[in-house]
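Reading the structure
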There are 2 protein chains.
Amino acid sequence: MDIDKNSYKLYALRILPNGTSVIVKPEETILEALLRSGISVASVCGGKGICGKCAIRIVSGSLSEPTLQEKRWQKALGLDIRLACQANLLSDAVIELSETIETKNIKILTLGKKVQINLSPSTTRKSILLSKPSLEDQKADLERVLAELNTNTFDSLILEKISKVIWNSNFNVSAILFDDELLDVVPNSDNFSLYGVSFDIGTTTVVGYLYDLLTGELLSIKSSFNEQIKFGEDVISRIEYASRSYENLKNIQGAIISTINKIIKELAKETNVDTSKIYDVVCSGNTVMTAFLLGNNSFYSSRSPYIPPFTSQVKVKARDLKVEINPSGYVRTLPCVSAYIGGDVVADILVSELFKYEDPVALIDLGTNGEVVIKNLNEIFAASCAAGPALEGYSIRHGMRAMEGAIESVTISEDGNEVFFKTIGNRKPVGICGSGIVEALAWLRIRGIVNKSGKLLENSSRVKKENNELQFVLVDEKNSGTGKEIVITQEDIRKVQLAKAAVLSAFITLSKISKTKVEDVKKLFIAGAFGNYIDPFYAMIIGLLPEVQREKIVQIGNGSGMGASSLLLSKELWRESIEVAKKIKVVELNLVPSFRQEFINATFIPHKDEALFQRTLKSISSLREGEKNYDS
Amino acid sequence: MDIDKNSYKLYALRILPNGTSVIVKPEETILEALLRSGISVASVCGGKGICGKCAIRIVSGSLSEPTLQEKRWQKALGLDIRLACQANLLSDAVIELSETIETKNIKILTLGKKVQINLSPSTTRKSILLSKPSLEDQKADLERVLAELNTNTFDSLILEKISKVIWNSNFNVSAILFDDELLDVVPNSDNFSLYGVSFDIGTTTVVGYLYDLLTGELLSIKSSFNEQIKFGEDVISRIEYASRSYENLKNIQGAIISTINKIIKELAKETNVDTSKIYDVVCSGNTVMTAFLLGNNSFYSSRSPYIPPFTSQVKVKARDLKVEINPSGYVRTLPCVSAYIGGDVVADILVSELFKYEDPVALIDLGTNGEVVIKNLNEIFAASCAAGPALEGYSIRHGMRAMEGAIESVTISEDGNEVFFKTIGNRKPVGICGSGIVEALAWLRIRGIVNKSGKLLENSSRVKKENNELQFVLVDEKNSGTGKEIVITQEDIRKVQLAKAAVLSAFITLSKISKTKVEDVKKLFIAGAFGNYIDPFYAMIIGLLPEVQREKIVQIGNGSGMGASSLLLSKELWRESIEVAKKIKVVELNLVPSFRQEFINATFIPHKDEALFQRTLKSISSLREGEKNYDS
């Protein structure tokens, strides 16, 4: 089994953008070399060249001849594209991991690279050595500290402890301030610590980020279902519930505070952080989530003329909300703009820095409530659209949240009878999450199993009728983690069509109102936890996203959570957020006469007007090349 | 029994300062005429001319010849003085009720006359008619209100209710503001009301004043023992208790908050006021009482170098202290100056307006902790003295608070064997309150039953020994409301001597430090609830107050409570109080080398140095004239 190393040629493969090099053996594919070297590259079809997940871009070097599969993907994605699972090296080479492959890392990249902020949290520590009192200097304990800090505002809880702390610590203390307000005083020590938590409060999912406020370091991320879901899946049904009685309102408020406290507890437990050292919580959410958090039922948001209860930035003592951090600390919420353009959109805009571009740019936040923002000619237009929870895996027959065992990626073989998939954590599949649903529908369309109208056709062995409804079997009983088939039903497809039509029609309507040609858009930012995990290529195939060139798309990840984090870490941004919120012009889509028709046109896959998706349709043809055309 | 009305001459008696006229029959004394006409005049000795309580000043008219008793009082108080119980009219006449008689009304006079303030409470109402929202005007509910009020600060509790209130009231609402902060919004109505409560938090007694903040009207006054008494009678013992454990501290804080809540409840019940319409509570108290209220144990106040925990004005949300008013309202405390010069002294200074005088002026606050303030040469000096609770009726064998059944006034017959007294509410006596104790000691001294050193002499049938201690029987078993004798013991007299020496020696020491001659003092303000009820004449006889001319003395009543009330009603004064507090120079008497000796000298009655009380000693002689001299 010995190999003659002298005659055996190894190639060096340099990988951009980070510049890592790996050794590639001549007999192994690039994918095998990458996986062997510990570089995680998605592959759904198991190296069959179908899924396109391992697409790489060749910068220099000589490779094996492209296979038939690769040629199809080159037509779809560009001639410099190769599939790592198909290609072998013939020389040293330099490749770029395509953005498709990068997707999984974007969340971290966004934190470290995209949001350039100066660490300047509102909550700070100041170490002070006080002069000692005497009969000649009888200045009071509190005023001794305030004078040293050059401030005169303080939290009243400090009155109880100030004397004990400064005398016991021999007048060597650390002050914790929120802006100019003295929140707390603790003995000086080497292991002093100070934390903050930012939250993305989604209608369906709540994500918390624990930060070290002294270093800006992200220590942990935890997420959980929003416990309000038991009172209704969407904001409208929750508003109806909350408006029925004061008790219901308190239940709704209690549910989100319970969710927040649970996440804080988990964050603290994992990192061994004392929750009393957390002094700041910044929450980003849509207008209704923000209102519920602060105890308002949002009743008048839900009916014409759609008046939100409040839109200002809010700062509340943690003890007033029973949020379990230091009771002198604050819970803050972002400014909102209107009943349906909330702090989460302001956060997206801050993170994308969309307002700084001269050229037309756009942003789509994909969530239970989707939002579209277009900046053109010094104006920022925004509209919201009720996408519903389908894209987050909720309300779909076998839909689930993006957690272990969820099918996150899908490919369907040329004949439509074989399904390749990848689950989170590589466990046996127990359901399908949002990104899996998008890819499944995209491949059903590519393979012609679903037609332009979204109708399931009975041209695959996997399409069958149950209870008078057509469904496509993704996973059979044998391979399923639940012991039951995992399917996508005609009803599921209809829900996804409505969800994606809501987003696409909002974009098209807003682009017309803002006089923006889609081809002129220089950047299209995609936000939302879900928006971070989908493959824009497939999102265009189903017409969830408008057709723009791949390189213009920037997935900013959870813009809401990142925005909240940025505001936690930067008081300048906290102030800037008010200005940003003021600049936004809200478009009420329901008042735009053409919107209804735009919505209907957008339910087609990708759209009724094929001229809007020319390149996408060409890609579909490329991937089908050499296959019979199932669909007219 | 018929009287010939034609030959029967009735005289008209006009009474200054208010100008009321009454008819006087020739055979009745002026006292009888006054009482018959419903004018309340004090009389302790029952018309025997001994007590001097019914002294009047003659402005014009002809009266019967002065009796022997009257001649004595004329020597003591002035030649224009007559005793209403002794004099008959011989013509129409004009008299002035002496300040001695006015005493009982001073409290009300102080409220209405002495404190001239412009009604400008920090807590205000603003009635607003909002424009109605529409699809063209989607401004949020809160921001609609804030814009109308031209502010952007608000209490977070308003977020819960704002929408409901403004929509249900058809956008016709009243805003309640604290300065610029929006506290609450309620539907507009004709019977809108807005209240505030001011508190004098004494070590022994707490007094609450309920005000209508729209009119400035005082609606009710209620007082109660400070529930902290169960943890110690004076501040030092309470500090010791509170410093022993966190639980004790919470007990101390809980006791004062419970006292406050009890008084608020009583005030509200009596006036039928809804406590949720009370939005502001201003508390005046000494530094330790203020610290306890806000949860600090004041430990370092009680030992050298006597450092108070804080001295700033404090503003705390009522909900944070569990004070039972509107939870969005505030509890505020006055600025303090040092560990023993507290907000109550600042209040006294504000009420007396002492800081506005060019000439030397002084202020003495009589309470468990006494304070002395002297303004001279543009400087304000202040010192505190631990008088103890004796002058408030506490710690005296049969001492009690000034309530029904308490002996408030005392006279002793020439032979020293008969005691005349008056009780509050004219009930059977059950004990003796502060003013009664002062008068009893004064008469014991006048009658020579107590000597200059404070020793009880066995020269009256009422002096007897029990358990080896001398005591003077004020009331025998038969006439007592308790069925037991009411006595003043030698020990009681010693306690009063120590209390009065603390005050007098503080005054003398401070006058030396401030280079103020007592005879140059243009006004001597007497503050403190107890200070309001004592007769300055007798207070000088025992040497509790320094000897100044009677007309220079201004009893300002409960300066602490009045000061708190003024700050409740005037935001200008609230700001001014900070400046006043800054101007005060605190003198630590314990650090003044001569103080110890001054204190000892001041324990004599009235003082060891008789030159300091020449006029007073002359008055004593006058009242004794014709009697044998018991005492050298």
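Criteria and thresholds
- Residues numbered from 1 in each chain as written.
- Chains lettered and ligands numbered in written order.
- Predicted model: local features only at pLDDT ≥ 70, side-chain atom pairs only at ≥ 80, totals over all residues.
- Helix = DSSP H or I, 4+ residues; strand = E, 2+ residues; numbered from the N terminus.
- Rg over C-alpha atoms; globule rule 2.2 N^0.38 Å.
- Buried ≥ 20, exposed ≤ 12 C-beta atoms within 10 Å, placed from the backbone.
- Contact = placed C-beta atoms within 7 Å.
- Least-squares fit on C-alpha atoms with pLDDT ≥ 70 in both.
- Nonpolar A, V, L, I, M, F, W, Y, C, P; charged D, E, K, R; others polar.
- Pairing = 2+ DSSP bridges.
- Axes fitted to C-alpha atoms, helices over the stretch in contact; angles between N-to-C directions.
- Domains from an automatic or database assignment.
- Arc of directions from axis to C-beta.
- Parallel < 35°, antiparallel > 145°, perpendicular 65-115°, else oblique.
- Core = buried A, V, L, I, M, F, W, Y, C linked by C-beta atoms within 7 Å.

Our next topic: the overall build of chain A. What chain A contains, in helices and strands, is 19 helices and 27 strands. The C-alpha radius of gyration computed for chain A amounts to 27 Å, which stays within 12% of the reference 26 Å derived for 632 residues, consistent with globular compactness. Viewed in the frame of its principal axes, chain A has a C-alpha envelope of about 95 × 70 × 55 Å. Looking at chain A as a whole, 52% of its 632 residues qualify as buried. Nonlocal contacts in chain A, meaning residues at least 24 apart in sequence, comprise 68% of its contacts between residues at least 6 apart.

With that settled, the discussion passes to the relation of the copies chain A and chain B. Between chain A and chain B, which share one sequence, the superposing operator has a rotation angle of 180 degrees and an axial displacement of 0.2 Å; the RMSD is 0.3 Å. What the rotation and shift describe, once combined, is the action of a two-fold rotation axis. Among all residues of chain A, the minimum C-alpha distance to the rotation axis is found for A:Asp320, at 4.3 Å. In this assembly the copies share their binding face: 100% of the residues contributing to the interface of chain A also contribute to that of chain B.

Looking now at the interface of chain A and chain B. With 35 residues of chain A at the interface, the matching set in chain B holds 35 residues. Secondary-structure elements contributing two or more residues to the side of chain A that touches chain B are α5 (141-149), α6 (158-168) and β14 (314-317) of chain A. Of all the elements, α6(A) adds the most residues to the side of chain A that touches chain B, at five residues. A breakdown of the residues in the side of chain A that touches chain B according to their chemical character gives 19 nonpolar, 11 polar and five charged.

What follows covers the sheet that holds strand β15 (residues 330-333) of chain B. Residues and elements named next belong to chain B. Strand order in the open sheet formed by six strands is β12-β11-β10-β13-β15-β14, with mixed pairing between adjacent strands. A strand with exactly one partner marks an edge of an open sheet, and here the two such strands are β12 (218-225) and β14 (314-317). The mean inter-strand angle of the sheet, taken between neighbouring strand axes irrespective of direction, is 20 degrees. Contacting β13 (278-285) and β15, helix α11 (residues 343-352) crosses the sheet at an angle of about 100 degrees to β13.

This part takes up the domain arrangement of chain A. Taken domain by domain, chain A consists of domain 1 (11-97), domain 2 (195-333), domain 3 (359-388 + 502-610) and domain 4 (390-496). The C-alpha-based centres of domain 2 of chain A and domain 4 of chain A are spaced at 33 Å.

Here we take up the environment of A:Ser131. Relative to the helices and strands, A:Ser131 is located in the loop between β6 (123-129) and α5. Taking the C-alpha atoms as reference points, A:Ser131 and A:Gly342, 211 residues apart in sequence, are found 48 Å from one another.

Helical geometry note: an α-helix holds 3.6 residues per turn, so side chains three or four residues apart project in the same direction. Residues and elements named next belong to chain B. Every buried residue of helix α2 (residues 68-77) is listed here: Glu70, Arg72, Trp73, Ala76 and Leu77. The arc enclosing the buried residues of α2, seen along the axis, measures out at 155 degrees, which places them on a common side. If you follow the buried residues of α2, they end up packed against β3 (55-60), β4 (81-83) and α19 (614-624). Taken from the residues just after α2, Gly78 is the one with a positive phi, measuring 130 degrees.

This next bit is on the environment of A:Gly399. All names here are of chain A. Looking at where Gly399 falls in the secondary structure, it is placed in the loop between β18 (379-386) and β19 (406-412). What makes Gly399 buried here is the crowd of 23 C-beta atoms within 10 Å. With 31 residues separating them along the chain, Gly399 and Val430 place their C-alpha atoms 9.1 Å apart. Excluding anything up to four places from it in sequence, Gly399 contacts Gly393, Tyr394, Gly431, Ile432 and Ile437.

Residues and elements named next belong to chain B. Where burial is concerned, most of β13 is hidden: eight out of the eight residues are buried. Relative to β13, strand β10 (residues 195-201) is paired through seven bridges, and the arrangement is parallel. What sits directly across from Asp200, in β13, is Ser284. Pairing geometry for β13 and β15, over four bridges, is parallel.

Let us now look at the packing of α2(B) against α19(B). Residue and element names in this part refer to chain B. The interhelical angle for the contact between α2 and α19, taken along N-to-C directions, is 175 degrees, at an axis separation of 8 Å. On the basis of their axis angle, the class for α2 and α19 is roughly antiparallel. Residues Arg72, Lys75 and Ala76 of α2 lie in contact with α19, whose contacting residues are Ser619, Ser622 and Leu623. The residue inventory of the contact of α2 with α19, partitioned by class, reads two nonpolar, two polar and two charged.

Attention now moves to the nonpolar core. By size, the foremost hydrophobic cluster in this structure holds 385 residues, and its most contacted members are A:Leu474 and B:Leu474. Non-local contacts of B:Leu474, meaning those with residues more than four positions away in its chain, are made with B:Ile407, B:Val410, B:Val419, B:Phe421, B:Ile432, B:Ala440, B:Ile486, B:Val487 and B:Ile488.

This paragraph deals with the pairing of strand β23 (residues 469-475) of chain A. Residues and elements named next belong to chain A. Strand direction decides the pairing type here: strand β22 (residues 463-466) and β23, joined by four bridges, are antiparallel. Along β23, the bridge assignment pairs Glu466 with Glu469. Remark: two residues form the turn of the hairpin made by β22 and β23, two consecutive strands paired antiparallel; Asn467 in that turn has positive phi of roughly 45 degrees. Where β23 meets strand β24 (residues 486-489), four bridges bridge the pair, whose relative direction is antiparallel. When the sheet's bridge partners are listed, Gln471 is paired in β24 with Thr489.

Turning next to the sheet that holds strand β6 (residues 123-129) of chain B. Residue and element names in this part refer to chain B. What the four strands build is an open sheet, ordered β6-β8-β9-β7; its pairing is mixed. Of all the strands in the sheet, the pair left with one neighbour each is β6 and β7 (153-154). Looking at chain direction, β7 and strand β9 (residues 181-187) are connected through two bridges and run parallel. Following the sheet pairing, Thr153 is matched in β9 by Glu181. Sitting on the sheet, helix α5 (residues 141-149) is in contact with β6, β7, β8 (172-178) and β9, with an inclination near 110 degrees to β9. This element, helix α6 (residues 158-168), spans β7, β8 and β9 of the sheet and lies at about 35 degrees to β9.

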